[in-house]
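Structural description and commentary
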Amino acid sequence: MGSTYVLKRLAIMVPIFFLVVTLVFFMIRFAPGGPFSSEKSVSPAILKNLEAKYHMDEPLLSQYVRYWKDLFRGDLGPSFKHANRSVNEIIEEALPISLELGLLSLTWAVLIGVSAGGLAALKPNTVYDYVPMAFSILGICLPTFVVGPVLVLVFGLWLQWLPVAGWETWQDRVLPSLTLGFAYAAYISRLTRGGLIEIRGQEFIRTARAKGLTEKEILIKHSLRGGLLPVVSYLGPALAGIITGALVTETIFNIPGLGRFFIESAVNRDYTVVMGTSLLYFTLIFVCNFLVDIVYAVLDPRVKYV
Amino acid sequence: MSNSLWTDALHRLKKNKLALLGASFLILELMIFFLIPVLARLGYEAQDLELTFAAPSPVHWFGTDSLGRDLFSRVIFGGRISLTVGLLASLVSALVGVVYGSLSGFLGGKIDNSMMRIVDVLYALPFIFLVIILMVYFGRNFILLFVALGLTQWLTMARIVRGQVLSLRHKEFIEAANSLGLRQRDIVLKHLIPNTLGPVIVYLTLTVPSVILEEAFLSYLGLGIQAPLASWGTLIKEGVDVMDLAPWTLFFPAFFLSATLFSLNFLGDGLRDALDPKGARD
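All of these numbers come straight from a predicted model, not from anything done at the bench.

We now examine the overall build of chain A. Summing up its helical and strand segments, chain A has twelve helices and zero strands in all. Starting at the N terminus, the α and β elements of chain A follow one another as α-α-α-α-α-α-α-α-α-α-α-α. Overall size of chain A, expressed as C-alpha extent along the three principal axes, is 85 × 55 × 30 Å. Expressed as a percentage of the 306 residues in chain A, the buried residues total 37%. Excluding contacts between residues fewer than 6 apart, the proportion of contacts in chain A whose partners are at least 24 apart in sequence is 73%.

The structure is reproduced here in C-alpha cells:
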C-alpha cells in the first residue's frame with residue numbers, strides 16, 4: 001500500500017524531469033545571444049575554437065542528445081564562463097552552503113513558529129496571544145528583500161553587532177538565516193495556534209483534562225501531535241519557498257550558494273550552469289515535498305495512501 | 001439580481017476588522033493613484049540635482065533619491081505599475097484557470113481525470129525558475145512579464161473551479177433547472193457560473209498579492225521592470241543600495257508594498273470567511 005504510493009510518486013517524476021530538461025534546454029538555446037557574445041575582442045577564429053570545444057557548432061538536436069547522454073553519466077558538463085570548472089564542481093561547492101542556509105532557516109522557522117504559536121494557544125486573547133500574532137502579521141506581509149536589508153541596516157550598520165556579508169564564521173549565518181526563516185516562522189505560528197485551539201475542543205482532550213492533567217501536560221502529551229499536522233503539511237510549500245527565497249537572500253548577503261550561481265549564470269548565458277542548477281532546484285523541491293508527505297502519513301494515522 | 005448570498009456575505013465582511021482595514025487602505029491607495037496628475041506635481045523622472053538624498057520635507061513628502069527625483073511621485077508611479085502587473089497577471093491566471101477548471105469539471109470522466117493529472121504534474125514544476133530564465137533570455141518586457149507570472153498561478157484556480165462545478169452539477173437546483181427544461185447554456189450562465197463566482201473572487205483577491213510579490217522579487221533581482229519605468233520592487237532595490245545614507249528611500253516603497261500585500265491578503269481571507277461561513281477559521 002505504502003510502497004505503491006511511493007512508486008507512483010517516483011513514476012510521476014520521470015515525465016516532469018524530462019519536461020524540465022527539455023523546456024530549459026530549448027528556452028535558453030532559442031533565445032538571442034550566447035555565452036560568448038559579450039566577450040568583446042574575440043576573433044572569429046577563437047570564437048570558432050570555443051564553439052567547437054563546447055560542441056556549440058553541432059546541430060541543436062545532437063547537442064540535446066549529448067546533454068542527455070552526459071546527464072545519464074552524472075556529468076553536467078563544463079561551465080562556459082568559469083574557466084576550467086565543471087558544473088559538478090560548482091554545485092559541489094555551492095550546494096552545501098545553500099543546504100546549510102536552508103536548514104538553519106527552517107530550524108528558526110519551526111522553533112520560533114511553534115513556540116510562539118503554542119504560547120498564543122495556551123493563553124488565547126491575552127498579551128501572550130496578541131504580541132506573537134501581531135509579529136506574525138508583520139512576518140507574512142514583509143518580503144524577504146525588505147526584512148533582510150532592514151536587519152542589515154539595524155544590526156549590521158547601526159549597532160554593528162553582526163557582519164553583513166560573507167559565509168565564514170557562525171556570526172555570518174545569523175542574519176541570512178533569520179531573514180529567510182522569518183516569514184515561515186510567522187506563518188507556522190499562526191498554523192500552530194489554529195491547530196492547537198481547534199484540537200482543544202476535541203473529546204480526548206476533555207478526557208485528559210478530566211483525568212486531572214495540567215494544561216502543560218495536555219499540550220505536550222496530547223495536543224501537539226494532532227495540532228501540528230497543519231504545520232507539517234505546510235513544511236512542503238515552506239521548503240520550496242525557502243529554496244526560492246534563498247535566491248534573494250544569497251544576493252543580499254553575498255553568499256556563494258546555488259542561488260547566486262543560478263542568477264549569475266542566467267544573466268551571463270552560462271548554459272550548462274543554468275541547466276545544472278535548475279535541475280538541481282527542481283529535484284530538491286520534489287524531494288522535499290515527497291519527504292513531507294511521508295512524515296505526514298506517519299504522524300496522522302488516518303491518512304492512508306492507497 | 002438581489003441575492004441573499006451576497007447581502008449576507010457583505011454583512012459578515014463588515015464585522016471583520018482586518019478585512020475592512022485592508023479594504024479601506026486599498027480604496028485610499030487607488031484614489032491616490034488616480035489623482036496622480038493633481039498630487040504628483042513632479043514627474044517620476046524629474047530631477048533636481050541640487051537636492052539629492054533630501055530628507056522628507058513639505059516639498060518632497062517622501063524625500064528624494066540618489067538622482068534627486070521626488071520619491072513620493074516615484075512610489076505612486078511604481079505602485080501603479082506593481083498593481084497593474086498584479087491585476088493583469090491575476091486576470092490571466094483566472095481566465096486560464098476558470099476555462100480549464102470548468103471544462104474539466106463539466107466534461108467529467110476520463111477527460112477530467114487526465115486534465116487534473118496534468119495539473120498535478122505542473123504543480124511540481126518550479127515555475128519561478130522558468131520565469132527567471134524566460135525574463136533573462138527574452139527581453140524584460142512588460143507583457144511577457146505579466147503573462148508569464150499569470151501562467152504560474154492558474155493551477156490552484158483550475159482546481160477550485162473544477163471542484164465547484166463538479167459539486168454543483170448534481171445539486172437539486174441544477175436538476176430542477178434541468179427538469180424545468182432550461183437550455184444547457186442558461187443553466188451554465190445563470191446557475192453554474194454565479195455559484196462559482198464566490199470562490200473565484202476570493203482566490204483572485206489572494207492571487208493579486210502573490211503576483212505583486214513575485215514581480216517585486218524579480219524586479220529586486222533586476223529581472224523585472226526595467227528603467228526608466230519602476231515598480232515597488234525596483235524602488236526597494238534602489239533604496240537598499242543607499243539605505244545607510246538615506247533610509248527613507250527604502251522605507252517608503254517597502255511600506256507601501258507591505259501594506260498593500262497585507263490589505264489584499266486580509267481582504268481575501270475576509271471574503272473567504274464571508275462567502276463560506278461554514279469554512280470560517282479561527
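With that out of the way, let us pick up the overall build of chain B. Across its full length, chain B carries twelve helices and zero strands. Secondary structure elements of chain B, listed N to C terminal, follow the sequence α-α-α-α-α-α-α-α-α-α-α-α. The buried share of chain B, taken over its 282 residues, is 44%.

A few words on the nonpolar core. Ranked by internal contacts, the top residues of the largest apolar core, which has 137 residues, are I188 of chain A together with I132, I133 and I236 of chain B. If one sorts the elements of this core by residue count, helix α12 (residues 248-275) of chain B sits on top with 15 residues. The residues contacting I236 of chain B, other than those within four sequence positions of it, are F145 and V146 of chain A together with A216, Y220, L250, P253, A254 and L257 of chain B.

This part covers the interface of chain A and chain B. Contacts between the two partners involve 34 residues from chain A and, on the opposite side, 31 residues from chain B. Elements represented by at least two residues in the side of chain A that touches chain B include exactly α1 (2-30), α5 (127-141), α6 (144-158), α7 (170-200), α10 (229-252), α11 (258-268) and α12 (271-299) of chain A. In terms of residue count, α1 of chain A provides more of the side of chain A that touches chain B than any other element does, eight residues in total. In terms of residue class, the side of chain A that touches chain B is made up of 30 nonpolar, four polar and no charged.

This next bit is on the packing of helix α4 (residues 71-107) of chain B against helix α5 (residues 109-123) of chain B. Residue and element names in this part refer to chain B. Where α4 meets α5, the axes come as close as 7 Å, and the angle between the chain directions of the two elements is 145°. In contact with S104, G105 and L107 of α4, α5 contributes G109, I111, D112, M115 and M116. Residues belonging to the contact of α4 with α5 are distributed by class as follows: four nonpolar, three polar and one charged.

Residues and elements named next belong to chain A. Within the secondary structure, W108 is located in helix α4 (residues 87-122). Each C-alpha atom, one on W108 and one on E92, is 25 Å from the other, the two residues being 16 residues apart in sequence. Once you skip the residues sitting within four places of it in the chain, W108 turns out to touch S177, L178, G181 and A185.

Residue and element names in this part refer to chain A. Phi is positive for N125, which is not a glycine, with a value near 60°. Tracing the backbone shows N125 in the loop between α4 and α5. Of the residues examined, N125 has 8 C-beta atoms within 10 Å and is grouped as exposed. One non-glycine residue, R269, adopts positive backbone phi at about 60°. Among the secondary structure elements, R269 is positioned in the loop between α11 and α12.

So, on to the packing of helix α10 (residues 184-220) of chain B against helix α11 (residues 232-241) of chain B. Residue and element names in this part refer to chain B. α11 packs onto α10 with a crossing angle of 40° between their chain directions and a minimal axis gap of 7 Å. With respect to α11, the element α10 is oriented oblique. In the packing of α10 onto α11, the handedness of the crossing is right-handed. The segment α10 lies against α11, with E215, A216, F217, L218, S219 and Y220 engaging W232, G233, T234, I236 and K237.

Once that is clear, we can look at the confidence of the model for chain B. All names here are of chain B. Residues at a pLDDT of 70 or more form 88% of chain B, whose mean pLDDT is 81. When mean pLDDT is compared element by element in chain B, α11 scores highest at 88, while helix α3 (residues 36-39) scores lowest at 62. In the predicted assembly, ipTM is 0.78 and pTM is 0.82.

Moving on, we get to α10 of chain B. In α10 of chain B, a bend of some 40° at I193 of chain B exceeds every other bend along the element, and P194 of chain B, a proline, comes one to four places later. One or two positions beyond α10 of chain B, positive phi appears at G222 of chain B, with a value near 85°.

Attention now goes to the confidence of the model for chain A. For chain A, the mean per-residue pLDDT works out to 83, and 95% of the residues sit at or above 70. Ranking the elements of chain A by mean pLDDT puts helix α2 (residues 44-53) of chain A last, at 75, and α4 of chain A first, at 90.

Here we come to the environment of F204 of chain A. Residue and element names in this part refer to chain A. In this structure, F204 sits in helix α8 (residues 203-210). Judged by C-beta crowding, with 12 C-beta atoms within 10 Å, F204 ranks as exposed. Taking the C-alpha atoms as reference points, F204 and L291, separated by 87 residues in sequence, lie 29 Å from one another.

Parameters and conventions
- Here the residue numbers are simple positions, counted from 1 along each chain's written sequence.
- For naming, the first written chain is A and the first written ligand is 1, with later ones following in the order written.
- Confidence filtering applies because this is a predicted model: local features only for residues at pLDDT of at least 70, side-chain atom pairs given and counted only at 80 or more, and all residues used for totals across whole chains, interfaces and linings.
- Under the scheme used here, helices are H or I runs from DSSP no shorter than 4 residues and strands are E runs no shorter than 2 residues, and both carry numbers assigned from the N terminus.
- With C-beta atoms placed from the backbone, a residue is buried if 20 or more other C-beta atoms are within 10 Å of its own, exposed if 12 or fewer are, and partly exposed between those counts.
- The contact criterion used is a C-beta to C-beta distance within 7 Å, with each C-beta placed from the backbone.
- In plain words, the nonpolar core is the set of buried Ala, Val, Leu, Ile, Met, Phe, Trp, Tyr and Cys residues that C-beta atoms within 7 Å link up.
- Side-chain classes are defined by residue name, with Ala, Val, Leu, Ile, Met, Phe, Trp, Tyr, Cys and Pro counting as nonpolar, Asp, Glu, Lys and Arg as charged, and the others, Gly among them, as polar.
- To define axes, lines are fitted to C-alpha atoms, for helices over the stretch in contact only, and angles between the resulting N-to-C directions are given on a 0 to 180 degree scale.
- The cut-offs work like this: below 35 degrees is roughly parallel, past 145 is roughly antiparallel, 65 to 115 is roughly perpendicular, and the gaps in between are oblique.
- Crossing handedness is read from the near helix: turned anticlockwise from the far helix by less than a right angle, it gives a left-handed crossing, and turned clockwise, a right-handed one.
- You can read pLDDT as the predictor saying how much it trusts each residue, on a scale of 0 to 100.
- Think of it this way: the bend at a residue is just the angle between two axes, each fitted to seven residues, one set ending at that residue and the other starting at it.

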